[in-house]
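Residue-level structure breakdown
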Amino acid sequence: PCARFPFKKRLVLANMNLAQDEIPVDQICSDRLGAALHKLSLAGNRLNAIPREFVANLKALRVLDVSQCDLTSVPDDWNLPCLKKLNLSHNKIETFLSETVLRGLPQLERLDMYSNRLVEISASSLDMIARVEHIDVGYNHLTEIPGAITRLKFLKTFNCTNNLIEIVPAEVCEMESMRVLDVSSNPLIQPPLETCERGLHSMRRYYHCLRLEESADVEASAAASQKGGSSFSIVKKIRNDKCRAKMRKRKESSKKPFPSSLMTTGIFRATSEPAQPTQQYSSMESSAEHSQSTKSRSLAQDLTPPMRSVSFSLSKRDTGSAKPARNISDSTNDTRESSHFDATPESPCEQNSFSDSDNDAELADSRLGGGGGNVPDQITVNETLKVIFVGMALSGKTSIIKRLIEGQDAKIPQSDERTVGVDIYEWDPKQAGGAASDSLMTRIPVDSELESRIKGSTGVKFSVWDFAGQHVYHATHELFFSTNSLYVLVWDMGANNPETIKKQKTFTEGEQGTFKLTYDSSDEEDDDFFDTEHENRRATRALEQDIDEKLQFWIDCIQSSAPGAAILPVASFDDYFTEGVGVEEARFRCRLMRERLLKHEQHRVKNMEQRLKEYDAKFGASSELAVRLRKLLCSFNRPKIIFGTDGPDVVRVSSTNFTGFDDLAERIVGISTGRERAGWNYPIFRGHLGARIPRMRLAVRDCVRSMRDRFKVVEWGFFLDELKKKDIDNAADVADALHFLANIGELSYFGDVSPPKESRSPASNVGLVEGFDEDESQTPLNSSESVSLSTHTTRTLTGASFARNDRDENTRDSAPTQKRASHGLSEFVFLNPRWLVAAVACILRHDLTTEIYEVRRALRNAGNLGGGESLSLDAETYLDSELTTDVNYPVITAKDACMLWQAKRFTKKAAERALQHSNNSNVSPYEFLQRLLVRFGVFVPVDLSIKTCLGGKDYSHHYEYADCLEFGPSYSSGLEQAPKFFFLPSLLGPGDANISEIWTYKTAESWKTTICHSILFPDGVPPGLMERITATILSDLYTNPANDNPGPLDPQEQRQDGRLRIKEILCWRSAFYLKLGNLEPDGGVSESIVEIFVTLVDQGSPQCVASDSTGVGMRRLVFSGKGQAGDNGAKIWRGGYLRILRIAVKHIEAEYSGLEIEKQAICPTCLAKKPIGQASLWDHSTIRSVRARGEQTIRCRSGHVNDVRLITGTYDQPDVDVLTTTAPLSDAGDIPVSNLLKAVVIVGVWDEKAQRIIRAGSGFIVDRKRGFVVTAAHTLMDRENWSEVKGKIVIGVIPKDRSSNDPVAVYRYFARILAKDPSINDAGVCTLDACILQIQTKMECDVHESDKTIGDQPETLLMNNPVAMKNENFDQLKLSEKHELDEAVRILGFNQGGEGLIGPGQEMNRCADFARGYVVMKFNVQENSVISNFQPRSEIVVICPTIGGHSGGPCVNQQGEVIGILSRADPADRQRCYLVPASEFAPLVKVAKKMLKLSSSRS
């Protein structure tokens, strides 16, 4: 084949299972083929070694892929001068590429050595790849990031996930070119884990704060020495002497022979060995060579150096004295500083240094003859751990916590005193009067080098959270769950389940004798004996089911929200067994629980390993399925279920008898301090508890505690003002501190969580779909910042961008302090998380309907119910009939929610005080709560004007009473823009209707078809998944009803834009049904109807498609859409099915990263002709490979042939991936430029004296009805003073009849500036390089040249003439305020920079063109210190080759939406361009509309 196609530049021989001798080396390297070959892929073959001919003779090769080829080494000499991309991933290479290899790759830009066996990266090798931009060394055994990497000036992406890296150097974080630094799944020490979770910018800010501390301490020490004190020098000398003595002892103790193989690795360091793991269950590797990989990793871990920290001198700091444990709502005192974990166990020298290190300052004072006080060389560390108690209701969690903290004198709650939401406590084991407070070793192990720099003891302290176990509160868990927490899972050992009680025998063995049963026993005794054995087996099975429902349930819930979390099972109700059925029964139950939980985890890991091998062999190691499984198999992402090693496996406690609490306290403290590692090679909370933190974060904590007595919730701007009084004025640093404090349970803050789209009250005549606007400030998670720990974040701590001023010329972060920390939900900070819990508990209650009725009744009797002196008779009847019931309905109005919050003194007082001291009066705490609960799926805005059936009850008639249920001004203030009704999925009843009577996958009409896809969960699903999916989909549909996510549109434009209309909603606990109408954008009056059904099923469900392919214990989330079959189901896909599918997939992949999923498509023909359980399916990788080969049809295992477009939804976009949420980087998925250019215009200034166009740029039509054009302001204004250039503004458009291959414009209209940046007139400074033009007149004839003909044309008035303007039939482009880093974009316009033999400015170009590029960053500037008359507030930076004349031209994404207009290019780099974001000039469009409306009303 190679000889037949010598002209080919790409040769792909991937996944053919070829051996090295089967590769046609001679033909590939021949002069005919090899000289022109640009890409060679040999991935997935059995090469074992790369043929030397390939690396020496293919001089034109640019891409070489030899991944997954069983390589152990590479040839020594390479000569590929043009090679840009080298893929060596998924091999067994042990050493990084040598200098001789890299010397032959001078143009290398991308190096991929993912999933090998690398131990180090040679610094000399890095010098040979100076042009490299991307390096991927994830899934290796690297112990450090080499400092030499900073010499790579073009490096943009460095991936070192899943290695053994402890410290991310500051100089690496601050590299100018670095955009993505992925350090996930590493035993990190510095920066702390929560800092790394928030991204590259957060790491930079962390080191910047430490530099500021160093600078301040140097100044403080210098000032102290000038005042005559030499104590600092003496203390330093004392500490240096001690450190040298300890190092000598350590060096002497470590003198022993080492294998020569270790000495040659170059990574040997003198260190004590880490504690050997006592594996309870193996942390399996995620590859076929499990044993070898484990051995290599263990070797590298044994060589892990001790923990080190960047040395900085720190200033003085006083700490408050410790106080007894108390509830967090009363917390005002400080905690002490502590230190990093040590990677090694305590050495004798370290143990002996505890006491004398604490007395360095006192010793210095004694040498100086008195004095006292602190020294400036002090560091601060995290010493607080968040401990979350979870378990089913009535399992005894609250009693355990009270006994643990308060001891035997604690007041035990009664059985009817249940926890509501969450209770929060603080626990200092040394200060509290609880269990074993005197004997507990609470000290966190510290590296001896750092020990002398920490003041006081390093005792661990805890923030204890008691979570309610009722089902109704499960929806709130992701508000508070985090990875860096210890989860104590309480189980009642089945004491509350009578099914687990074994039947007692009625006779004893002594009475029966050895053989007496056989010969002398009666029939009744025989029956009794065997019945007892049967009952015992039944009780054991019931006990196993109890374990699955009460323990595995919570483990799955924790794993889905916080992958890799530490879980400590604890058994309660021990007194029930010691005083009843016996201690042996309690031991048996705990042993059975341990075996079952570990067996379940081992079985899950084994199955995933088996599937990973299958995916590697079938789809390749780099396939989506294999990558996700490998990520889930990473030991950092597996749940750490902790059982005892020395003592009992499970701690058993009795709150009644006060037993077992000493063991429980010792277990919790041991796990937190790292003395008990549960088989883990490192302390479980390494990098979090004991991690060094900037002192500023503790200063923010002190401010929080001082404000907590006055405020439970505080507005962000006011909080910043309070911090400024303490010289803390950087919003981004404050946001980092708040996220840290949220991570340790000090407060709740959601600054990085994307807010829901803002909404308006729906109009009854058009339905709710037209009643909501998009929030202009909404930003996707991680949209503008490099992600470092992308899958290990919590919902409250998801990474997002924070602009800041580092006050350092060497850092990239240059945006100044801003009032808003982010575009997330940052308006309010919950200083006391219990206030948030109490507010949520007011709504999520089993008697919600009754509570609303009682509160309304009380307010009505008190005369506080608004809407007139009294309610109408209809409203009275409504209240009596609907609310006086024992049934709890899952619907609440926005005003009812505020009413309930206002009725509680605790929430009302805090909200009023927060609003009174707020700097932002636009958002009240109640409105913020509603937005927060909508964002997390607790609230779902719904429109009850359509048919709505929730939990079996029809709510459609509720809408007509909405206007009757008005309340006083104190309740309704600010709620005019809120939706009227919220649906609460967690309040749905457990029972579902007979869904088979509502939905069928069959179709009776021949013109209809059913499309079906599913997401398979091989290991089951966590609780609440279906509720969250329902909430996410319905919220998106209601808040953003357009098909393609456009910006806000007027209701009268609905028909032209083809928007969705929700016709009907039916919702149950495990399923929902939607009927959607879609008005096509072609102007027709017909409305296509699409029915969509989503359900969560198991193998035995009658609605389970492909049940034959569904195993026991698996769950399947099924999506199906029914509608017109024409055009390969295009109307089904456009009618909402594609959108719902993508919303669900995106939500699952983002929010449930710890779950294994398989995306599948179901054969439509099988659904129509066979039982649904026997339907064939295709996995996602198969569909992608079919599409990649360009095939038009796909055949199922039953022989049915289906069109690929029907299965994938690519009816007009052949390369769009339905089940992939990220946009493809290729250009194939772009909207064709020819579809966009006719909305792009030339904007010029016609000089009547010169009779020519003196200025020219580009623009686009943003409003076809009004003739609005957006362009750059500098095209029409003088940049010196921003005054308008004299002349007439002329507009050139591409005629409708012009061929798409010949986009030449003609001059046709005159326009005027209607709206521009108001700061130009106010201050003479331009902050927005954009303006809105309105087309005024039309020339009688089109003009093709820039000559005097333009000025001689008669004109027809179009302004204030809607009919004439409509007849012009303009094309318009849509706006989008969303964009992502590396997103492919195109800038459209008219090039005036010259072309061919025509120089710049010689001739006006009227032919439209475009340039491709990608987004690199976005930054906001609040205040600009540079004195200039041009100070843009916000800009998007793109890399795109543009030429003069493109200014003002639209920059569009792959969907053809405008994300900004071109403003300017960087003088030093013409390919670096700056855009005015659409979010900046979109308000100008609204201003222009208002001005036009005002002028029309006057006329």
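Remarks on the overall build of the chain
In terms of regular secondary structure, the chain is built from 43 helices and 47 strands. Counting every position in the chain, which comprises 1499 residues, the buried fraction comes to 59%. Considering only contacts within the chain whose residues lie at least 6 apart along the sequence, 73% involve residues at least 24 apart.

Overview of helix 22 (residues 624-633)
Within helix 22, seven of the ten residues are buried, which leaves the element mostly enclosed by the surrounding structure. When we look at burial in helix 22, the residues that qualify are Leu625, Ala626, Arg628, Leu629, Arg630, Leu632 and Leu633.

Observations concerning the packing of helix 24 (residues 695-708) against helix 25 (residues 716-724)
Two numbers describe how helix 24 lies on helix 25: the axes approach to 11 Å, and their chain directions differ by 115°. Between helix 24 and helix 25, the angle falls in the class roughly perpendicular. Here the hand of the crossing between helix 24 and helix 25 comes out right-handed. Contacts from Val700, Cys703, Val704 and Met707 of helix 24 reach helix 25 at Phe718, Phe719, Glu722 and Leu723. Taken together, the residues that form the contact of helix 24 with helix 25 break down as seven nonpolar, no polar and one charged.

Some words on the nonpolar core
Ranked by size, the top nonpolar core spans 75 residues in total, and within it Phe481, Phe830, Ile892, Trp901, Phe939 and Leu984 carry the most contacts. Apart from the residues within four sequence positions on either side, Phe939 is in contact with Ile843, Ala897, Trp901, Gln930, Leu933, Val934, Phe982, Phe983, Leu984 and Ser1035. With 68 residues, the next largest nonpolar core counts Leu18, Phe96, Ala148 and Leu181 among its residues.

What about the environment of Met113?
When you line up the elements, Met113 lands in the loop between strand 5 (110-112) and helix 5 (123-126). Distance in space between the C-alpha atoms of Met113 and Ile135 is 7.8 Å, their sequence separation being 22 residues.

Brief notes about the sheet that holds strand 3 (residues 63-65)
Reading across the sheet, the eight strands line up as 1-2-3-4-5-6-7-8 and stay open at both edges, with parallel pairing between neighbours. Each having just a single partner strand, strand 1 (10-12) and strand 8 (180-182) make up the two edges of the open sheet. Strand after strand, the sheet turns through a mean of 5° between neighbouring axes, direction not considered.

Considering the sheet that holds strand 17 (residues 748-750)
In space, the three strands of this open sheet follow the order 16-18-17, with antiparallel pairing throughout. Each edge of the open sheet carries a strand with a single partner, namely strand 16 (713-715) and strand 17. Geometrically, the sheet is characterised by an average inter-axis angle of 20° between neighbouring strands, direction not taken into account. Bridge count for strand 16 against strand 18 (residues 825-830) is three bridges, and the pairing is antiparallel.

So, the pairing of strand 38 (residues 1288-1293)
Counting buried positions over the six residues of strand 38 gives five, a clear majority of the element. As judged from the five bridges shared by strand 33 (residues 1240-1247) and strand 38, these two strands associate in the antiparallel manner. Bridged to Val1243 within strand 38 is Ile1291. Note: strand 38 against strand 39 (residues 1306-1316), five bridges, orientation antiparallel. Bridge pairing links Val1290 to Phe1310 in strand 39.

A closer look at the pattern of salt bridges
The final tally for this structure, using the stated rule, is 45 salt bridges. Among the ionic pairs, Arg705 bridges to Glu426, the shortest N-O distance being 3.9 Å. Here Arg705 is found in helix 24, whereas its partner Glu426 is found in strand 10 (residues 422-427), with 279 residues between them in sequence. Accessibility classification places Arg705 together with Glu426 in one group, the buried group. Note that Arg596 and Asp548 form a salt bridge whose closest N and O atoms lie 3.0 Å from each other. Residue Arg596 is located in helix 21 (residues 583-618), and its partner Asp548 is located in helix 19 (residues 523-561); the two are separated by 48 residues in the primary sequence. Given the relative accessible area of 30%, Asp548 is considered partly exposed.

Focus: the packing of aromatic side chains
A complete count under the given rule lists 27 aromatic pairs for this structure. The interplanar angle of 55° and the centroid separation of 6.2 Å between the aromatic rings of Trp999 and Tyr1073 together place this pair among those described as tilted. On the criterion of sequence distance, the pair formed by Trp999 in the loop between strand 23 (981-983) and strand 24 (1008-1017) and Tyr1073 in strand 26 (residues 1071-1079) is long-range, its members being 74 residues apart. Put simply, the rings of Phe750, Phe828, Phe830, Trp835, Phe928 and Phe936 pair up and form one aromatic cluster. Lying over the aromatic face of Trp999, Lys1122 brings its terminal NZ or CZ to 4.4 Å of the ring centre. Geometry around Phe1310 places Lys1288 over its ring, the cationic atom sitting 3.8 Å from the centre.

Notes on the pairing of strand 35 (residues 1268-1271)
Neither face of strand 35 is exposed, since Phe1268 and Val1270 on one face and Val1269 and Thr1271 on the opposite face are all buried. Two strands pair when backbone bridges link them, and strand 34 (residues 1252-1263) and strand 35 are joined in this way by four bridges, in the antiparallel orientation. The residue of strand 35 that forms the bridge with Ile1261 is Val1269. In textbook terms, the turn of a hairpin is the stretch between consecutive antiparallel strands, and for strand 34 and strand 35 this stretch comprises four residues, one of which, Gly1267, has a positive phi near 70°. Both strand 35 and strand 40 (residues 1331-1343) contribute to a ladder of four bridges, which runs antiparallel.

A short note on the environment of Ser1479
If you trace the backbone, Ser1479 turns up in helix 43 (residues 1478-1498). Taking the relative accessible area as the measure of exposure, Ser1479 reaches 17% and is therefore buried. In this structure, the C-alpha to C-alpha distance between Ser1479 and Gly1460, residues 19 residues apart in sequence, is 8.1 Å. In this structure, Ser1479 is in contact with Glu1377 and Lys1418, ignoring residues within four places of it in sequence.

Here's the deal with the confidence of the model for the chain
Per-residue confidence for the chain averages 75 on the pLDDT scale, and 71% of its residues sit at or above 70. Under a pLDDT of 50 for its full length, residues 960-978 has, in the predicted model, 48 contacts with residues more than four places off or in other chains. Contacts of residues 1212-1229 to residues separated by more than four positions or lying in other chains number 41 contacts, the stretch itself having pLDDT below 50.

The rules behind the values
- Residues numbered from 1 in each chain as written.
- Predicted model: local features only at pLDDT ≥ 70, side-chain atom pairs only at ≥ 80, totals over all residues.
- Heavy atoms only, no water.
- Helix = DSSP H or I, 4+ residues; strand = E, 2+ residues; numbered from the N terminus.
- Buried < 20%, exposed > 50% of the residue type's maximum accessible area, 1.4 Å probe, protein only.
- Contact = heavy atoms within 4.5 Å.
- Axes fitted to C-alpha atoms, helices over the stretch in contact; angles between N-to-C directions.
- Parallel < 35°, antiparallel > 145°, perpendicular 65-115°, else oblique.
- Left-handed = near helix turned anticlockwise from the far one by under 90°.
- Nonpolar A, V, L, I, M, F, W, Y, C, P; charged D, E, K, R; others polar.
- Core = buried A, V, L, I, M, F, W, Y, C linked by side-chain atoms within 4.5 Å.
- Pairing = 2+ DSSP bridges.
- Salt bridge = Lys/Arg side-chain N within 4 Å of Asp/Glu carboxyl O.
- Phe/Tyr/Trp six-rings, centres within 6.5 Å; stacked < 30°, edge-to-face > 60°.
- Lys NZ or Arg CZ within 6 Å of the ring centre and 35° of its normal.
- pLDDT = per-residue confidence, 0-100.

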